[in-house]
Amino acid sequence: MSCDCEHPDKREELDRRTFFTRIILGIGAVIAGSLAVPLGAAMFDPVLRKTGKDWRPVGKLDDFKVNETRMVSFKNASPYKWTGKVAYSAAYIRRNPDDSLIAFSVNCAHLGCPVRWEAKSEMFFCPCHGGVYYKDGSRAAGPPTRGLFTYSTRVLKGQVEIQTEDLPISTLSNS
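Residues numbered from 1 in each chain as written. Predicted model: local features only at pLDDT ≥ 70, side-chain atom pairs only at ≥ 80, totals over all residues. Heavy atoms only, no water.

**Details of the sheet that holds strand 10 (residues 159-164)**
So, point 1. Pairing within the open sheet is antiparallel, and its six strands lie in the order 1-10-9-4-3-2. Across the chains shown, the open sheet's two edge strands, defined by having one partner strand only, are strand 1 (54-60) and strand 2 (69-75). Averaged over all neighbouring strand pairs, the angle between strand axes comes to 35°, with direction disregarded.
So, point 2. Relative to strand 10, strand 9 (residues 150-156) runs antiparallel, the two sharing five bridges. Bridging from a neighbouring strand, Thr-153 pairs with Ile-162 of strand 10. (Pairing = 2+ DSSP bridges. Helix = DSSP H or I, 4+ residues; strand = E, 2+ residues; numbered from the N terminus. Axes fitted to C-alpha atoms, helices over the stretch in contact; angles between N-to-C directions.)

Have a look at this one:
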């Protein structure tokens, strides 16, 4: 006697639609898994990274001459481990006749373009939209509605330091 009923040990064959559905779901799972790592890291980054203010050395006091403005480089307050050289930022430091120091952000207060110091005219110029600032960082002309952002400064054992904060620069103090 023969029976047309299926044997319980007989494996079910995959039809074409089921096969491709499983392939597509598998590829989707791989893509979702590969995106989950960087997205998760970005979401938890502010919690895991050290944030806040730090004092950064930028040179010896003798390196800054009275009535001169000089650009200095410093490491950002909370760089990513992978950033390398881009973890560094810059500032302009001016030593006043009374030996006080003032540190300006290199970024324009309008849209953040880098400003350049012109010693002959004693002014900062922004090449993006024509912003101009006096040597004290106050607004001279152009679209910026305020002066350059400034950093707090101090001299410790003959070393000039500026107090940096996490970016963006809008968290810096007003001039």
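**Remarks on the sheet that holds strand 8 (residues 139-141)**
So, point 1. Read across the open sheet, the four strands follow the order 5-6-7-8; overall the sheet is antiparallel. In the strand order of this sheet, the two ends are held by strand 5 (116-118) and strand 8, each with one partner. Adjacent strand axes in the sheet meet at a mean angle of 35°, parallel and antiparallel pairs treated alike.

**Looking at the environment of Phe-74**
So, point 1. Positionally, Phe-74 belongs in strand 2.
So, point 2. A relative accessible area of 3% places Phe-74 in the buried class.
So, point 3. Residues contacting Phe-74, with those up to four places away along its chain left out, are Arg-56, Val-58, Ala-87, Tyr-88, Ser-89, Ala-90, Ala-91, Tyr-151, Ile-162 and Thr-164. (Buried < 20%, exposed > 50% of the residue type's maximum accessible area, 1.4 Å probe, protein only. Contact = heavy atoms within 4.5 Å.)

**Digging into unusual backbone geometry**
So, point 1. Of note, the phi angle at Glu-122 is positive, near 55°, even though the residue is not glycine.
So, point 2. By the secondary structure assignment, Glu-122 is in the loop between strand 5 and strand 6 (123-125).
So, point 3. The exposure class assigned to Glu-122 is partly exposed, which follows from its relative accessible area of 32%.
So, point 4. Positive phi, close to 55°, is recorded for Lys-157, a residue that is not glycine.
So, point 5. In this structure Lys-157 comes out as exposed when scored by relative accessible area, which is 87%.

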